[in-house]
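# Fold and geometry: a report
So you can see what is in the structure, the chains are spelled out below.
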Amino acid sequence: MIATQVYYEGRVQGVGFRYTVKQSAREYDVIGWVRNLPDGRVELQAAGEAEELEGFLESIAEGDLKGFIKAELRHPLATDALRGLRGFEIRP
């Protein structure tokens, strides 16, 4: 299992971004969360097997949200950062 943190920049708030990400997560065996940041970005933390996680992130970058994303910054996370989390959620 691997984990990653992703920051999305662009017109990513007020367009259903978090909801769409959560819906996409249902198609993959991943856990994690997504939230809006005060500076206008969206932060995502997710974990799963490498193939599942990469497929999930690709579905965000290449799917319906593609036109809203100006930049995507990925950082690896320790898998214990998401320990105890079940499923995928939207955080305030």
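Remember, it's a predicted structure, so these values are computed and weren't measured experimentally.

Cut-offs and rules
Residues numbered from 1 in each chain as written. Predicted model: local features only at pLDDT ≥ 70, side-chain atom pairs only at ≥ 80, totals over all residues. Heavy atoms only, no water. Phe/Tyr/Trp six-rings, centres within 6.5 Å; stacked < 30°, edge-to-face > 60°. Buried < 20%, exposed > 50% of the residue type's maximum accessible area, 1.4 Å probe, protein only. Helix = DSSP H or I, 4+ residues; strand = E, 2+ residues; numbered from the N terminus. Contact = heavy atoms within 4.5 Å. Axes fitted to C-alpha atoms, helices over the stretch in contact; angles between N-to-C directions. Left-handed = near helix turned anticlockwise from the far one by under 90°. Nonpolar A, V, L, I, M, F, W, Y, C, P; charged D, E, K, R; others polar.

As a further point, take the packing of aromatic side chains. What the rule picks out here adds up to 3 aromatic pairs. Between the aromatic rings of Tyr8 and Phe17, the centroid separation amounts to 5.3 Å while the plane-to-plane angle is 55 degrees, which identifies the pairing as tilted. For the pair formed by Tyr8 and Phe17, the shared burial category is buried. A ring pair is formed by Phe56 and Phe88, whose centres lie 5.5 Å apart and whose planes are at 70 degrees; its orientation type is edge-to-face. Remark: Phe88 occurs in strand β5 (residues 88–91) and Phe56 occurs in helix α2 (residues 50–62); sequence separation between them is 32 residues. Comparing Phe56 with Phe88, the two get one shared label, buried. Among the aromatic residues, those joined into a cluster by ring pairs are Tyr28, Phe56 and Phe88.

Along the chain, Ile90 turns up in strand β5. Along the primary structure Ile90 and Arg35 are separated by 55 residues, whereas in three dimensions their C-alpha atoms are 5.9 Å apart. For Ile90, the residues in contact, after removing those within four places along its chain, are Arg18, Tyr19, Lys22 and Val34.

Closest axis-to-axis distance for the helix α1 (residues 17–25)/α2 pair is 10 Å, and the angle between their directions is 145 degrees. Judged by the sense of rotation from one axis to the other, the crossing of α1 with α2 is right-handed. Contacts between α1 and α2 involve Phe17, Val21, Ser24 and Ala25 from the first element and Phe56, Ser59 and Ile60 from the second. In terms of residue class, the contact of α1 with α2 is built from 5 nonpolar, 2 polar and no charged.

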